[in-house]
Amino acid sequence: MTYQATTIPSARQSVRAELDTGTVIHLWLKSRRPGEVATMSVELDGIELQQVATARTEEFEFCKVALPRGGSLELSYDAKAADVSVIYAFLPTRVQNEGIRVLHHSAENAPPALSDGYHFRPLFGWMNDPNGFGRFGGQVHLFYQHYPHSLRWNTMHWGHAVSNDYVHWRHLPVFLFPSDDLSQRNDGRGGAFSGSAIAAGGDDIRVFYTEQMRDRKPEEQIQLTATSRDGLSAEPATVILPERPGRLDLTLDFRDPYVFKGPDGRWKMLIGSRDKAGGVVLLYETLDPVGADGWTFLGTLHRENRYGMTAAECPCMVPLGDAGTSETRWALIFGLLTSRDQRGRRNMTSVTVGRFDGQTFTPELEQELDFGSDAYAFQAFVDDGGPVGIAWLANWTDVSKKEDFPTAMTLPRRVLWDGTAVLTPPVEGVNALRHAELDGTGRLAAGERLPLENGAVEIELELSSPGAAFELRFDHPDIDLSLRLEAEGLEILFNDRSGKASPRYLAAGARPSTVRVFLDAGSIEVFADNGRWTGTKRLPTFAGVRAAQLSQGNGSIAGARVWQLKL
């Protein structure tokens, strides 16, 4: 499949590609002139197959074209009359293994121009929360909150990708679309909000999500489910929770259904919500073997009101061992929306560990998921070898309605239990990213300034004793950045040079023996003692870290290795 885009005189634009029989084209089109129809001509080997047309001017209209045979495709339109957001092509029989091919995207939804980078990013448009993270048909599926037409949050869709190793991803067609009413509007009133997915027999995938429609009465947020038979698109959805449970004095916050198998073998559903005292996580269950209906409310599973938070968002729950054993602990993870701690960090994420019998959750300990606080909407599922999770590598505090905001997902992480704490180390597959060793002879440990080429690197430090003090400074063209371990704990020091004070990203009391640092365009992720302390910070530009230099006291570093990373 080859393609090229050509600009033709007098504002006529054309996209050309050599495509195979059975190829499907997805495109979004709108009119630039109110009251006029925008058209796109679809030609195959010089013969017009059809014209795609729309009179919409506010939001792009989705159009689908199926090719009856292979050949030379040309899509042409008058750029003065028609605005085209995205065009991509795929073969339904091969797309799971090959992914889509983007033939066109506009400047407004273009991905960042990165020569390298190993974190998951969409091929176009906006992305936030991971949704429906799970293994189906032998592949790992990642759905995500998506707006295809710009780099700013707007009417929500679900994007989709698959992987065999959590690291190399193949992008699939847009999976879920907002309702017909919302799809015609460009006002951010709602859409297909966050949710989850389960295997529903055979190759079917059942997804659960919140439909948000601002100002709808009596419920702005309701819960829907839909089935995918082909793993590429969802059938029409049905409503399963049309209203909030009564007598709980809940706000309109009622979202992010997370469905999982409980210790009693029944499907459970968590919903994030809020009452006047703070955030609450609600629990539902069904006896339906595929979770299609019959959902009943069991009660409030958990409550959290620290740090001035409002709603509990994106709850998920995984067993830290055999789910069918009464001795197994469960990890309840959720976002503390609008929270702010004494160090200035916002929108943190909490992990509460306790016993769960399918009806009642009994907390035993709480800890922070990520001391960098830029791993939001964490979602996990139980895969071979135990739970695996992924999060949005960003924080709502940084999002601006006036500026573009391209983002990424964190590295996928294991969710482990060592008997005293939850650990979240990166999945084993990230080791395959090690492209070349930049330092294995001790240059960094000796205090030399080590060039890092394009800045996509992993640094592994072995300390001479637990908590041995050091500071690892990074040379970045746009910000001040370093990692420091001292008596107070492990800290990511960040300064964007704006003069505005930064929060303190501190894992208080951390005394690790090993530290792994992953740098990429736009991010730093720190995993100390196999993820006992994990810190993630989004960086505001895509410039790479140019060099690293280590300072230590009294031989704190027993060893240091650095690898260039590459997909």
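Being a predicted model, the structure only gives us computed values, none of them experimental.

Definitions and limits used
Residues numbered from 1 in each chain as written. Predicted model: local features only at pLDDT ≥ 70, side-chain atom pairs only at ≥ 80, totals over all residues. Heavy atoms only, no water. Helix = DSSP H or I, 4+ residues; strand = E, 2+ residues; numbered from the N terminus. Rg over C-alpha atoms; globule rule 2.2 N^0.38 Å. Buried < 20%, exposed > 50% of the residue type's maximum accessible area, 1.4 Å probe, protein only. Contact = heavy atoms within 4.5 Å. Areas by Shrake-Rupley, 256 points an atom, 1.4 Å probe, with all protein chains shown as cover. Lys, Arg positive; Asp, Glu negative; His and termini not counted. Charge placed at Lys NZ, Arg CZ, Asp CG, Glu CD. Core = buried A, V, L, I, M, F, W, Y, C linked by side-chain atoms within 4.5 Å. Pairing = 2+ DSSP bridges. Axes fitted to C-alpha atoms, helices over the stretch in contact; angles between N-to-C directions. Salt bridge = Lys/Arg side-chain N within 4 Å of Asp/Glu carboxyl O. Polar contact = N/O pair within 3.5 Å; in protein donor to acceptor, adjacent residues only side chain to side chain.

(A) Broad picture of the overall build of the chain. Secondary structure summary: the chain contains two helices and 43 strands in total. Computed over its C-alpha atoms, the radius of gyration of the chain comes to 24 Å, within 12% of the 24 Å expected for a compact globule of 567 residues. Considering the chain as a whole, with its 567 residues, one finds that 58% of them fall into the buried category. Considering only intrachain contacts with a sequence separation of at least 6, the fraction spanning at least 24 residues in the chain is 60%. Entry remark: accessible area of the chain is about 21,900 Å², with carbon and sulfur atoms responsible for 46%. Seen as two clouds, the 58 positive and the 73 negative side-chain charges of the chain have centres 3 Å apart.

(B) Representation of the environment of arginine 538. Relative to the helices and strands, arginine 538 resides in strand E41 (residues 533-538). Take arginine 538: its relative accessible area is 12%, and that puts it in the buried class. Along the backbone, arginine 538 and tyrosine 118 are 420 residues apart, and their C-alpha atoms lie at a distance of 14 Å. Excluding residues within four positions of it along the chain, arginine 538 makes contact with Asp374, Leu393, Ala394, Asp398, Phe405, Pro406, Gly522 and Ser523.

(C) Main features of the nonpolar core. Counting 38 residues, the largest nonpolar core has Leu444, Ile459, Leu461, Phe470, Leu472, Phe474 and Leu483 as its most contacted members. The biggest single contributor to this core is strand E34 (residues 457-463), with four residues. With near-sequence residues (within four places) excluded, leucine 483 lies in contact with Phe470, Glu471, Leu472, Phe474, Leu490, Glu491, Ile492, Val515, Val517 and Val526. In this structure, Tyr258, Val318, Phe356 and Phe378 belong to the second largest nonpolar core, which totals 29 residues.

(D) Molecular detail of the sheet that holds strand E25 (residues 361-368). With respect to topology, four strands assemble into an open sheet ordered E22-E23-E24-E25, the strand pairing being antiparallel. In the strand order of this sheet, the two ends are held by strand E22 (312-319) and E25, each with one partner. Each adjacent strand pair in this sheet contributes to an overall mean axis angle of 25°, direction not counted.

(E) Structural context of the pairing of strand E4 (residues 38-44). Counting buried residues along E4, five of its seven residues qualify, which places the element largely inside the surrounding structure. Hairpin remark: E4 followed by strand E5 (residues 47-54), antiparallel, with two residues in the connecting loop; positive phi at aspartate 45, about 55°. With four bridges joining them, E4 and strand E7 (residues 71-78) adopt antiparallel strand pairing. From the neighbouring strand, serine 41 faces E7, where its bridge partner is serine 76.

(F) Structural context of the pattern of salt bridges. Following the criterion strictly, the structure yields 46 salt bridges and no others. Across the salt bridge formed by arginine 229 and glutamate 235, the nearest N and O atoms sit 3.0 Å from each other. A residue is classified by how much of its surface remains accessible, and glutamate 235, at 35% relative accessible area, is partly exposed. Across the pair glutamate 491 and arginine 484 runs a salt bridge whose closest N-O atoms are separated by 3.7 Å. Taking the relative accessible area as the measure of exposure, glutamate 491 reaches 6% and is therefore buried. Judged by relative accessible area, which is 23%, arginine 484 ranks as partly exposed.

(G) Expanded view of the sheet that holds strand E20 (residues 278-286). Pairing within the open sheet is antiparallel, and its four strands lie in the order E18-E19-E20-E21. The open sheet has two edge strands with one neighbour each: strand E18 (250-261) and strand E21 (296-304). For this sheet, the mean inter-axis angle between neighbouring strands, taken without regard to orientation, is 25°. In the sheet, E18 pairs with strand E19 (residues 267-275) via seven bridges, with the strands oriented antiparallel. Residue pairing across strands places valine 259 opposite methionine 269, the latter belonging to E19.

(H) A look at the environment of glutamine 184. Relative to the helices and strands, glutamine 184 resides in the loop between helix H2 (180-183) and strand E14 (190-199). Only 3.4 Å separates the side chain of glutamine 184 from the backbone oxygen of aspartate 180, close enough to count as a polar contact.

(I) Spotlight on unusual backbone geometry. Of the consecutive residues lysine 217 and proline 218, the connecting peptide bond is found in the cis state with omega at 0°. Here proline 218 lies in the loop between strand E15 (205-213) and strand E16 (221-228). In the Ramachandran plot, cysteine 314 falls in the positive-phi region, its phi being about 45° despite a non-glycine side chain. Structurally, cysteine 314 is set in strand E22.

(J) Structural view of the side chain of glutamate 491. The topology assignment puts glutamate 491 in strand E37 (residues 489-495). A polar atom in the side chain of glutamate 491 sits 2.8 Å from the side chain of arginine 504. With residues near it in sequence (within four places) discarded, glutamate 491 still touches Ser482, Leu483, Arg484, Arg504, Tyr505 and Leu506.

Functional significance is not addressed by these values, which are geometric in nature.
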